[in-house]
Amino acid sequence: MNEKINIGIVGLGFGKEFIQIYQNHPNVGKVAICTRTPETLARIGNEFHIEEALRFTSIDAMIACDELDAIHIVTPIHDHAPQTLKALNAGKHVACTVPMATTIEECQAIVEASRNNKTFYMMMETAIYTREYLYVQELVKSGKLGRIQFVRGSHMQNMGLEGWPQYWLGLPPFHYGTHAIAPLSYILDKDIDTVVCHGSGRVQESLAGRYGSPFAVETCTMTFTDSDVRAETTRSLYDTVRQYRESFDIYGDKLACEWAQIEDEGSCLFEGGELARRIQAPDVLAGLPESIQCFTKREQIIDANHVSFIQGAGHGGSHPHLVHEFVSAITEGREPAVGAVRAANITCAGICAHESAMKDGQRISLPDFTRRK
């Protein structure tokens, strides 16, 4: 396919990791960048040879640029919804880092804006493109895992680590729960139907008061539409000791696989009876244009000292897969893998989970607009 699209990236902290991937994608023409700080804009613009006309200090100016077909938003989470809506309503396709939004109303507005403007929205969910997830996905597709009996996810992280912005302090755990939720829904290819969540422990008062969220840990069980499989997922952000772990465990009637307990020690494959062995999931290059395959490697990360990569192990080689899926969806005129409705299902599952925890485990059904018809 020869069609080329032009992309603008908003937010140049973690966002700058995507510049070279877009620049090297065969279906991307021009790449623009946007940040509020002129010095940062000049430095990164020069580093990546971005032409002056495609450097912006205002997202409004970037969205208004007629040359751009799509906007990739990598900004603080409370800016995601308003910036996404602004771009969609201006006729731009949108990729946005997780989560989609922090309220159900915002998620619904994004679904409606994408539909009404005939523009594509993609939530850039790294967790379903990691080498570990793609390894398990192949076990499922090949039939080697057998019938899926149970899935479990967790995302345990210390957001008090120096380098995280202040807006994170005291955030409800499942308001940033998509990394722990998405693999469970996607490996089953089912929409999340209901959630039951319980909070555990307490964070310090200075954190609890910021968003009215008292729990140190939240654990949620989920049901899925037309499925007898149930899932469990756990999320923590503060005052709970654990090395960073963004995990996905799956149990079938032929095989099971559990994510590494300690970073870099390898996942564990269970092969029946008491048989178990460590495995290292390989980089997945299949389906990627040759020109961006190298970006699955950890050594391709530009700023390894960025807090997103000190915690997170480089997001499992997911970045080029995300870029390729977004670009391909636009050029092929199809819904992205994590399009607006599915992104809303995953994000609203977390929002509803926190609501359930605050109501002492009340079962909550997800809104109808989050389900595929």
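Residues numbered from 1 in each chain as written. Predicted model: local features only at pLDDT ≥ 70, side-chain atom pairs only at ≥ 80, totals over all residues. Heavy atoms only, no water.

Q: Tell me about the sheet that holds strand β3 (residues 55-56), residues and numbers included.
A: On the basis of which strands lie adjacent, the open sheet formed by 6 strands has the order β3-β2-β1-β4-β5-β6 and parallel pairing. Of all strands in the sheet, those with a lone pairing partner are β3 and β6 (121-123), marking the two edges. (Pairing = 2+ DSSP bridges. Helix = DSSP H or I, 4+ residues; strand = E, 2+ residues; numbered from the N terminus.)

Q: Before we move on, can you summarise the nonpolar core with the specific residues and values?
A: Grouped together as the largest cluster of nonpolar side chains are 118 residues, with contacts concentrated most on Tyr 22, Met 100 and Val 151. Take this core: its biggest share by element is 10 residues, from helix α11 (residues 340-358). (Core = buried A, V, L, I, M, F, W, Y, C linked by side-chain atoms within 4.5 Å. Buried < 20%, exposed > 50% of the residue type's maximum accessible area, 1.4 Å probe, protein only.)

Q: Can you explain the side chain of Thr 102? Please cite residues and give values.
A: By secondary structure assignment, the location of Thr 102 is in the loop between β5 (93-96) and α5 (104-117). Take Thr 102: its relative accessible area is 14%, and that puts it in the buried class. Those residues within four positions of Thr 102 in sequence are excluded, and the remaining contacts are Ile 77, His 78, His 175 and Ile 351. (Contact = heavy atoms within 4.5 Å.)

Q: Account for helix α10 (residues 319-332), with residues named and values stated.
A: Two residues of an α-helix separated by three or four positions point the same way, owing to the 3.6 residues in each turn. For α10, built from 14 residues, the straight-helix expectation of 20 Å at 1.5 Å per residue is met to within 8% by its first-to-last C-alpha distance of 20 Å. Counted residue by residue, α10 has 13 buried out of 14 residues, so it is predominantly covered. (Expected span 1.5 Å × (residues − 1).)

Q: A description of the pattern of salt bridges should follow, citing residues and the corresponding values.
A: Per the stated rule, a full pass over the model turns up 18 salt bridges. Across the pair Glu 67 and Lys 30 runs a salt bridge whose closest N-O atoms are separated by 2.5 Å. Residue Glu 67 is found in the loop between α3 (59-64) and β4 (70-73), and its partner Lys 30 is found in strand β2 (residues 28-34); the two are separated by 37 residues along the sequence. Notably, a salt bridge pairs Asp 191 with Arg 372, separated by 3.0 Å at the nearest N-O pair. Of this pair, Asp 191 sits in the loop between α7 (178-188) and β8 (192-200) while Arg 372 sits in the segment after β15 (364-365), and the two are 181 residues apart along the sequence. Look at the salt bridges and you will find they share partners, linking Asp 189, Asp 191, Arg 342 and Arg 372 into a network. (Salt bridge = Lys/Arg side-chain N within 4 Å of Asp/Glu carboxyl O.)

Q: Give me the pairing of strand β11 (residues 245-252): which residues, what numbers.
A: Among the 8 residues of β11, 7 are classified as buried, and the element is accordingly described as predominantly covered. As judged from the 8 bridges shared by strand β7 (residues 148-156) and β11, these two strands associate in the antiparallel manner. Paired with Arg 152 across the strands is Asp 249, a residue of β11. Of the pairings in the sheet, the one linking β11 to strand β12 (residues 256-258) comprises 2 bridges and is antiparallel in character. Among the inter-strand pairings, Ile 250 is bridged to a residue of β12, identified as Cys 257. What sits between β11 and β12 in their antiparallel hairpin is a turn of 3 residues.

Q: Break down the environment of Ile 279 for me, citing the residues and quoting the values.
A: Looking at where Ile 279 falls in the secondary structure, it is placed in strand β14 (residues 275-279). Beyond its immediate chain neighbours, meaning those up to four positions away, Ile 279 contacts Tyr 135, Gly 266, Ser 267 and Leu 269.

Q: An account of the sheet that holds β12 is needed here, citing residue identities and associated values.
A: What the 9 strands build is an open sheet, ordered β14-β13-β12-β11-β7-β10-β9-β8-β15; its pairing is mixed. Two strands lie at the open edges of the sheet, namely β14 and β15, each paired on one side alone. In the packing of helix α6 (residues 131-142) onto the sheet, the strands contacted are β7, β11, β12, β13 (267-272) and β14, and the crossing angle to β11 comes to about 10 degrees. Sitting on the sheet, α7 touches β7, β8, β9 (217-224), β10 (231-236) and β11, and the angle it makes with β7 is about 160 degrees. (Axes fitted to C-alpha atoms, helices over the stretch in contact; angles between N-to-C directions.)

Q: Before we move on, can you summarise the packing of α7 against α11 with the specific residues and values?
A: The N-to-C vectors of α7 and α11 enclose an angle of 125 degrees; their axes lie 9 Å apart at closest approach. Judged by the angle between their axes, α7 and α11 are oblique. Remark: the crossing between α7 and α11 carries right-handed chirality. Residues Thr 178, Ile 181, Ala 182, Ser 185 and Tyr 186 of α7 touch α11, and the partners they reach there are Arg 342, Asn 345, Ile 346, Thr 347, Ala 349 and Gly 350. In terms of residue class, the contact of α7 with α11 is made up of 5 nonpolar, 5 polar and 1 charged. (Parallel < 35°, antiparallel > 145°, perpendicular 65-115°, else oblique. Left-handed = near helix turned anticlockwise from the far one by under 90°. Nonpolar A, V, L, I, M, F, W, Y, C, P; charged D, E, K, R; others polar.)

Q: Just give me the short version of the environment of Ser 356, but keep the residues and values in it.
A: Its location among the elements puts Ser 356 in helix α11. C-alpha of Ser 356 to C-alpha of Val 196: the two residues are 160 residues apart in sequence and 6.0 Å apart in space. Looking at Ser 356, its side chain comes within polar contact range of the main-chain oxygen of Gln 362, at 2.6 Å. (Polar contact = N/O pair within 3.5 Å; in protein donor to acceptor, adjacent residues only side chain to side chain.)

Q: Mind laying out α5, listing which residues take part and the relevant values?
A: For α5, with 14 residues, the first-to-last C-alpha span of 20 Å sits near the 20 Å given by 1.5 Å per residue. Buried within α5 are the following residues: Ile 104, Cys 107, Ile 110, Val 111, Ala 113 and Ser 114. Buried residues belonging to α5 abut α4 (77-89), β6 and α11. Just downstream of α5, Lys 118 is the residue with a positive phi angle, here 55 degrees.

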